[in-house]
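Tertiary structure, described
The chain contents come next:
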Amino acid sequence: MARLQLNKSSLARETAHLKTYRRFLPSLDLKRRQLMAASAKARADLAAARAAVTALSKKVGDDLPMLANDQVTLDGLARLTACRRSVENVAGVSLPVLAEIEVAIAAYSSLAKPHWVDDVARLLKEMLTARMQVAIATERSAILQQAVETITQRVNLFEKVLIPRTEANIKRIRIHLNEETMSAVTRSKIAKRKRAAA
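Calculation criteria
Residues numbered from 1 in each chain as written. Predicted model: local features only at pLDDT ≥ 70, side-chain atom pairs only at ≥ 80, totals over all residues. Heavy atoms only, no water. Helix = DSSP H or I, 4+ residues; strand = E, 2+ residues; numbered from the N terminus. Buried < 20%, exposed > 50% of the residue type's maximum accessible area, 1.4 Å probe, protein only. Contact = heavy atoms within 4.5 Å. Areas by Shrake-Rupley, 256 points an atom, 1.4 Å probe, with all protein chains shown as cover. Patch = residues over 30% accessible without salt bridge, like charges linked within 9 Å, V, L, I, M, F, W, Y side chains within 5 Å. Salt bridge = Lys/Arg side-chain N within 4 Å of Asp/Glu carboxyl O. Lys, Arg positive; Asp, Glu negative; His and termini not counted. Charge placed at Lys NZ, Arg CZ, Asp CG, Glu CD. 1 Å grid on protein atoms, 1.4 Å probe; cavity = no way out; pocket = protein on both sides within 12 Å on 5 of 7 lines; lining within 4 Å. Points joined across faces, edges and corners; volume = space filled by probe spheres on them. Nonpolar A, V, L, I, M, F, W, Y, C, P; charged D, E, K, R; others polar.

**Some details on the overall build of the protein**
Scanning the protein for helices and strands turns up 2 helices and 2 strands. Burial status across the protein gives 26% buried among its 198 residues. Sequence separation of 24 or more characterises 78% of the internal contacts of the protein that already satisfy a separation of 6 or more. Counting only carbon and sulfur atoms, one obtains 56% of the accessible surface of the protein, whose full area is about 13300 Å².

Here it is in structure tokens:
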């Protein structure tokens, strides 16, 4: 850091910096609060998505105990064919959004497979969709958490470092300038007395 110059131009520069910092701090703080609210909502959405996956797993276990029958092969019955994502801007942060998901159900003979395979196919499609929603919600939550940490660091930099340091610099410059002024006045009075005495 450059050495602080104790003069009027330095005082003007530090005063301008302080004014700028105070002007930007409220908008940074507002953005921090918006991101914190969005992060809390993202965590709630993630918890809801995980709960949906858990509920769906429980439903599969309760409604389809026939899945324990390993003589009916269900491999490749449902698979994810396409997942399109879009981007949403929340308080200046780009977040992924699940736009569309396509799940393909493999063709199977309804005569060769038991009747409950239809329910399995439907529930597998729901499970794949729910798991993709969990993945997107996890990513959104992580991005927002990182954004909150970054903006909090910036707010703290302004509140706890830049503004106090600039205020201290201004105070130091003013004290120095006042001392110089008083010293100049004292010197002029002494010179005046010496001239008057001579």
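Next comes the rest of the write-up.
**Section: a positive patch on the surface**
Judged by side-chain charge, Lys189, Lys192, Arg193 and Arg195 come together as a positively charged surface patch. Along the chain, the position of Arg193 falls in helix α2 (residues 117–197).

**A short note on the layout of surface pockets**
As a volume, the second largest pocket reaches approximately 180 Å³. Considering the residues around the second largest pocket, the lining is formed by Ala42, Asp45, Ala49, Pro96, Val97, Leu98, Gln133, Ile136, Ala137 and Arg140. For the lining of the second largest pocket, the elements supplying multiple residues, two or more each, are α1 (8–63), β2 (93–105) and α2. With 4 residues, the single largest contributor to the lining of the second largest pocket is α2. For the lining of the second largest pocket, the residue count by class is 7 nonpolar, 1 polar and 2 charged.

**Digging into unusual backbone geometry**
Its identity as a non-glycine residue notwithstanding, Ala91 has a phi of 50°, on the positive side. Here Ala91 falls in the partly exposed class, since its relative accessible area comes to 26%.

**Comments concerning the side chain of Glu14**
The topology assignment puts Glu14 in helix α1. In this view, Glu14 contacts Leu4, Thr166, Asn169, Ile170 and Ile173; residues no more than four positions away in its chain are not counted.

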